[in-house]
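Coordinate analysis (summary)
One-letter residues, chain by chain:
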There are 4 protein chains.
Amino acid sequence: MSWNTFGRVFRMTTWGESHGPALGAVVDGCPPGLSLSEADIQPWLDARRPGQNKFTTQRQEPDAVRVLSGVFEGKTTGTPISLMIENVDQRSKDYSEVAKAYRPGHADYAYDAKYGFRDYRGGGRSSARETAARVAAGAVARLVIPEVRIEAYVVEIGGDGIDRANFDPSEVGNNPFWCPDAEAAQRWAAMVDEARLAGSSLGAVVECVAHGVPAGWGAPIYAKLDADLAGGMMGINAVKAVEIGDGFAAARLTGEQNADAMRPGRPGNDGPRFEANHAGGIAGGISTGQPVVCRVAFKPTSSILTPVETIDREGNATEIRTKGRHDPCVGIRGTPVVAAMMALVLADHKLLDRAQVGPR
Amino acid sequence: MSWNTFGRVFRMTTWGESHGPALGAVVDGCPPGLSLSEADIQPWLDARRPGQNKFTTQRQEPDAVRVLSGVFEGKTTGTPISLMIENVDQRSKDYSEVAKAYRPGHADYAYDAKYGFRDYRGGGRSSARETAARVAAGAVARLVIPEVRIEAYVVEIGGDGIDRANFDPSEVGNNPFWCPDAEAAQRWAAMVDEARLAGSSLGAVVECVAHGVPAGWGAPIYAKLDADLAGGMMGINAVKAVEIGDGFAAARLTGEQNADAMRPGRPGNDGPRFEANHAGGIAGGISTGQPVVCRVAFKPTSSILTPVETIDREGNATEIRTKGRHDPCVGIRGTPVVAAMMALVLADHKLLDRAQVGPR
Amino acid sequence: MSWNTFGRVFRMTTWGESHGPALGAVVDGCPPGLSLSEADIQPWLDARRPGQNKFTTQRQEPDAVRVLSGVFEGKTTGTPISLMIENVDQRSKDYSEVAKAYRPGHADYAYDAKYGFRDYRGGGRSSARETAARVAAGAVARLVIPEVRIEAYVVEIGGDGIDRANFDPSEVGNNPFWCPDAEAAQRWAAMVDEARLAGSSLGAVVECVAHGVPAGWGAPIYAKLDADLAGGMMGINAVKAVEIGDGFAAARLTGEQNADAMRPGRPGNDGPRFEANHAGGIAGGISTGQPVVCRVAFKPTSSILTPVETIDREGNATEIRTKGRHDPCVGIRGTPVVAAMMALVLADHKLLDRAQVGPR
Amino acid sequence: MSWNTFGRVFRMTTWGESHGPALGAVVDGCPPGLSLSEADIQPWLDARRPGQNKFTTQRQEPDAVRVLSGVFEGKTTGTPISLMIENVDQRSKDYSEVAKAYRPGHADYAYDAKYGFRDYRGGGRSSARETAARVAAGAVARLVIPEVRIEAYVVEIGGDGIDRANFDPSEVGNNPFWCPDAEAAQRWAAMVDEARLAGSSLGAVVECVAHGVPAGWGAPIYAKLDADLAGGMMGINAVKAVEIGDGFAAARLTGEQNADAMRPGRPGNDGPRFEANHAGGIAGGISTGQPVVCRVAFKPTSSILTPVETIDREGNATEIRTKGRHDPCVGIRGTPVVAAMMALVLADHKLLDRAQVGPR
């Protein structure tokens, strides 16, 4: 099956392949009257854009977005917003070997097993290039939730984590790794460069925090806010794990340690003051008014220069090394994608909540 | 919003509260002609049933399921299958304190914030009692995927993990912890009993493996098999994290270490032989034919006897201790629920795949 | 495929067969805080109930509804509302002949062709008995749209239409035909009785008008208000046609005749005054603030005493006459079902509109 | 709300406005391996294309479709198929008057009431220009159901119906009215020309028949084949009524007259032989193997030269005449759209059926 729509009320449908003429997203269900132009979207695409430094793939894509519908005189009309990004720097010649054999860890074999054949150019639809469409749609989602501020940053590369004592959000934009710890950023520069030169790759962990989410978003039981975040994040290319709040660490706490005690809020503030946020801002699938926190693990890119044993399409043994242009650490460019998915899930849940309960 | 349907083609809709007269599930989209009676469902409910030993809540519920529709002369008819379980042992009197104040870590505050009030008896709809309906529906899902064998077991309680060298699947049914390591089970018995006596609680990690899933299930991009598993598992009460395959550990591997090299399969076997399964049986959101592996972290139950600071419904400071009957480690009884969600996701994806690609 | 959920945000899922132990509906997405008890639902079920006079089937069903979840202390909680109606007067013995051969005009052959076999007792899932669940769910939907008043009445039986000059809404409850024209009701009594005695059946046309729908409900392009009404009404058993506003008659008007000219509304009234309502209160799929008008054609019941040529399950020629208890004119008891579907569609669209645009 | 996706498994999402840069459809869920190029789609768009004779709007649009994704080496890949049509002949200057006042019968007022403002150029999203996207997607749907042959033709214009005795399918392409009765076509030429010269407009009735639909498609209860057809057809611009089979005429038959008696099929033919098709090929929401028949009523275009009383955006009385280029009878160009919707519904139901029941 193919299922390229995300969201229940605020919905995006994405399309496009790595080496097709273009890719895009149709955003449906966006409220009317919001100011929107390409300039609201382009900065988020630029943050994800490849080829900006030596730590990411050297594919050069301007990723210029066009808004083809749904906006009139600078405002959203409430009708579907079609966003298109043309592919410019496709080098299909790099993929002749991939056409014949399966790259381990890639979707090559699975796509062939499912569909009977595949668009092998750059991974076709399975390429992380698709995430450009999500980032574009996520930029629209942000307009729906102006009360929310989303931070996303890398907290670990190749097993080397940041020191939380050094955590400085203002550092995130100062290095090519979205790293909030200036010292870690320096270490990572060396690590990622080494991996790049060796044709190897590294994994990463990205953390994403949404501030300003009011209490009450989330649709129990089967569209819980945390469940939708988990599904949304796990669907990003190369992601293998998702945590909410303390995540796996919570399984090692006692009930007493894990309790997020509450005290009365300040006068005029209508919510409680929480003593901790082990829960990551979500209880029973509904936001509590605390920051929504999730962490996402990216595996190392499967595209490596070291030859790996594999089979060809006829089932014969062979080996393959991936010669194209690739990210040595996909988690880095995955960071804006994580933020976009957070925005998409929250926008959808704001509208879902409004449907049933009314405005907050 | 309320969203109580799970699945796209094979769908379950659940209903019911902890202390209402009954709870249930409507299973829709089940293929016709499958043999089904209460006897196919009851054993799975019995596995999840409370009150069977001192390590779980002492609430006594027979959890007897009735099939109210969708079956004729012992076969599914292709029409909706209504499953109902009556609640028997509700002690609503235990919850008077909960009505007035919020239990930290519970959904109490979030439900009030969302809906304006809540059914406070036993947590109402937010109670893990709802998972009985999932287990019943999961039993039907299993009939749809006879080619698949699902194993679920606990690999860690309170931070104490099993020794993989001791892993013995036949041990899983021999102890009250679904533990595949007999030695760990003994240690856990002491730990959980201590927590129980202290009115405390412990977290757990559950692993679930599905054997026999053919290559090709999964609906990229936004209904990837791993994304749906992540969403399904994260929506289980008390779950805070989900991993596929190596999960967070994959973020610490290099691309070389993480590669699941392929070799030709045996003659007559139409799939490749994989050298490893770091990917957990899923690539690009599509199954590879290897075992599908996920791990799920349960936080410690929020219901503890130690008083915790909180606020009452008027926002005043108070403290609360949860006096009802509760599980000292919800991960234990969560294990059959994890298995049920695996079955539900796989049944849905088998049918989704059949819709687009045809039968395998 | 089986697809037993109706609605996008306010959703009902129905289950049950004509001769199973019970049938029901799960209503999901209902706003919290609405007063709801069985007494709010029962009158609508009573209106549809069989066996109340000689013009409907003599099956005696009390159709007593139970609310099994989603209500606490008399208010909806925002969680799923499970409604159950037990079947009491099943006479399965009447259906032995039906098990072997196909009743022309019934769903017997189609169900067998699709599912390979069928629950032949009373038509199983294809029985109009399922509509009791819709009426129950529709009663909940009415609570969501208190601003709307729905009228449904029969305007034609067996080709004999009412005289619009005699139209008196207060007559609708004074006769067993939901007829707003007292004279027509008298003629119909004779006609339907004659058909009943002859073991024959008659068709009918039902009109339904919703007053008080504000301008702005409807979700273009593929969930237009009129499209959802058409789909909802056509899905009622025995319905073969649906019109909005002038319907087929509009195809015979010129543009000048069909124009619904607008004039300024009264001061303090924020909408325009329309000179006519050829459009039936919907333009571009969105309500205009005028009454929403639709008309629905019911075919004559296929269950007749006159033998009809048919085939048996093995494909051999035979003939069949339907001996069970049946309605001589299903359109009569279909009238409350039409009203229920109107309520369900409008409730869903009120919430959909609120999701995107906010409250009106 | 905005809801621009149609279908459950075979889904299209359309976007675009009358006077935006382009419009399009994303087709998701299409099976892999089907031959597809622009040449498979263009002829259907050409059939719907405006400006081809004096009986349709003089807007000149080449309606050239581009396939932007989902096809590799001439075959569908199973991933989303993005179809785009550029708008070429927009004359926005024609719409200054429409910006200020509401055209009765158009969606102008309803869109303003819903969204607070609207793209008034050519009706924006509410323009029938959107149906080009449906026709393009419908061309893809046809590839999914090669066993089905769809005929669509006009049976009535301005109240003047064809003579069924003259019915000749081969005539349909011989006149600009998709008319199967050569004599009626001549009469209509005079009628439509007169309406065109007078700046008036006429309604029409379109009939659509699908041959070759096997028994068993349809998803009871809430995605019945006839319900989905009714919803799909009613959502076409200017449609006000939908009938299946005998439709409203069935309400005037007795049960005996309406019975579609069955006789054994020919040897080697696995279905029965029906004596009539009053049901229009659908019973209980499931296809019977007979031709699927529906009829659709189009109102006269609301765009007429005769001034009509209306109000402006401030609520003041004014009058309006629509000076742009318009179809004097939208039903004519609606005919290929009706056929496309039939193809879309059937393709979806073929796949839905395959999901639950398996291949036929």
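Think of each chain on its own: its residues are numbered from 1, step by step along the sequence as written. Throughout, the order in which chains and ligands are written sets their labels, letters from A for the former and numbers from 1 for the latter. With the structure being a predicted model, the display of local features is reserved for residues of pLDDT at least 70 and the display and counting of side-chain atom pairs for 80 or more, all residues being used for whole-chain, interface and lining totals. Values reported for side chains reflect all heavy atoms of the structure, with hydrogen atoms and water molecules removed beforehand.

So, on to helix α5 (residues 182–197) of chain D. The periodicity of an α-helix, 3.6 residues per turn, causes residues three or four places apart in sequence to face the same way. All names here are of chain D. Between the first and last C-alpha of α5 there are 23 Å, a value that for 16 residues agrees with the 22 Å anticipated at 1.5 Å per step. Buried within α5 are the following residues: A184, A185, W188, V192, D193 and A195. By definition, residues are in contact when any of their heavy atoms lie within 4.5 Å. Counting from the N terminus, the helices are DSSP H or I runs at least four residues long and the strands are E runs at least two residues long. On its buried side, α5 packs onto β8 (149–157) and β9 (160–161). Between a side-chain oxygen at the N-terminus of α5 and the backbone nitrogen of E183 the separation is 2.9 Å; the capping residue is D181. Under the convention used throughout, the expected extent of a helix is 1.5 Å for every residue step, that is, one less than its residue count. Partly exposed describes any residue whose relative accessible area lies between the buried limit of under 20% and the exposed limit of over 50%, with all areas from a 1.4 Å probe on protein chains only and scaled to the type maximum. Polar contacts, as counted here, are pairs of nitrogen or oxygen atoms within 3.5 Å of one another; within protein the pair requires one atom able to donate a hydrogen and one able to accept it, and residues that are adjacent in sequence qualify only if both atoms are side-chain atoms.

With that out of the way, let us pick up the interface of chain A and chain C. Facing 13 residues of chain A, the contacting portion of chain C comprises 13 residues. Approximately 970 Å² of surface area, both sides summed, lies buried where chain A meets chain C, with 57% of it carried by carbon and sulfur atoms. Accessible-area loss on putting two parts together, using a 1.4 Å probe and summing over both, is the definition of buried area adopted here. Counting the surface chain A buries against chain C, the share from its top three residues, R354(A), A355(A) and Q356(A), is 56%. On the surface where chain A and chain C come into contact, there are 9 residue pairs in polar contact (both at pLDDT 80 or more). Just so you know the grouping, Ala, Val, Leu, Ile, Met, Phe, Trp, Tyr, Cys and Pro go in nonpolar, Asp, Glu, Lys and Arg go in charged, and all remaining residues, Gly too, go in polar. In terms of residue class, the side of chain A that touches chain C is made up of 8 nonpolar, 4 polar and 1 charged.

Moving on, we get to the UniProt feature "binding site: FMN" (unreviewed entry) in chain A. Residue and element names in this part refer to chain A. Under the UniProt annotation, the feature "binding site: FMN" (unreviewed entry) is placed at R125, S126, S127, N237, A238, G284, K299, P300, T301, S302, S303 and R325. Along the chain, S302 falls in the loop between β16 (292–298) and β17 (308–311). Other than its neighbours up to four places away in sequence, S302 contacts P104, G105 and H106. Polar contacts involving the side chain of S302 include one to the main-chain carbonyl oxygen of G105, which spans 3.1 Å. UniProt positions are given in the numbering used here, feature names are shortened, and annotations may be inferred rather than shown by experiment.

Another aspect to go through is the pattern of salt bridges. All names here are of chain C. Within this document, salt bridges are pairs made up of a side-chain nitrogen of Lys or Arg and a carboxyl oxygen of Asp or Glu, the two lying within 4 Å of each other. Summed over the entire model, instances satisfying the criterion amount to 96 salt bridges over all chains. Put simply, D63 and R129 hold a salt bridge, and the shortest N to O gap is 2.6 Å. Linking D63 in the loop between α1 (38–48) and β4 (65–67) with R129 in the loop between α3 (108–115) and α4 (131–144), this pair joins segments that are 66 residues apart in sequence. Assigned by exposure class, D63 and R129 land together as buried.

We now examine the pairing of strand β7 (residues 81–86) of chain D. All names here are of chain D. Burial analysis of β7 places 5 of its 6 residues in the buried class, which makes it a mostly covered element. Only strands joined by at least two bridges in the DSSP assignment are considered to pair. Note that strand β3 (residues 22–28) and β7 share 6 bridges and pair antiparallel. Looking across to β7, one finds that L23 is bridged to I85. With 3 bridges connecting them, strand β4 (residues 65–67) and β7 associate as antiparallel partners. Pairing of V67 across the sheet is with L83, part of β7.

When chain A is fitted to chain C, the best match, at an RMSD of 0.0 Å, comes from turning it 180° and sliding it 0.0 Å along the axis. Accordingly, the operation relating the two chain copies is best matched by a two-fold axis. Considering only C-alpha atoms, the part of chain A nearest the rotation axis is A355(A), at 2.1 Å. Here the copies are matched by least squares. The fit uses the C-alpha atoms of residues with pLDDT of at least 70 in both.

It is worth spelling out the relation of the copies chain B and chain A at this point. Structural alignment of chain B on chain A gives an RMSD of 0.0 Å, achieved by rotating through 180° and translating 0.0 Å along the axis. Most of the interface of chain B is mirrored in chain A, where 100% of its interface residues are also at the interface.

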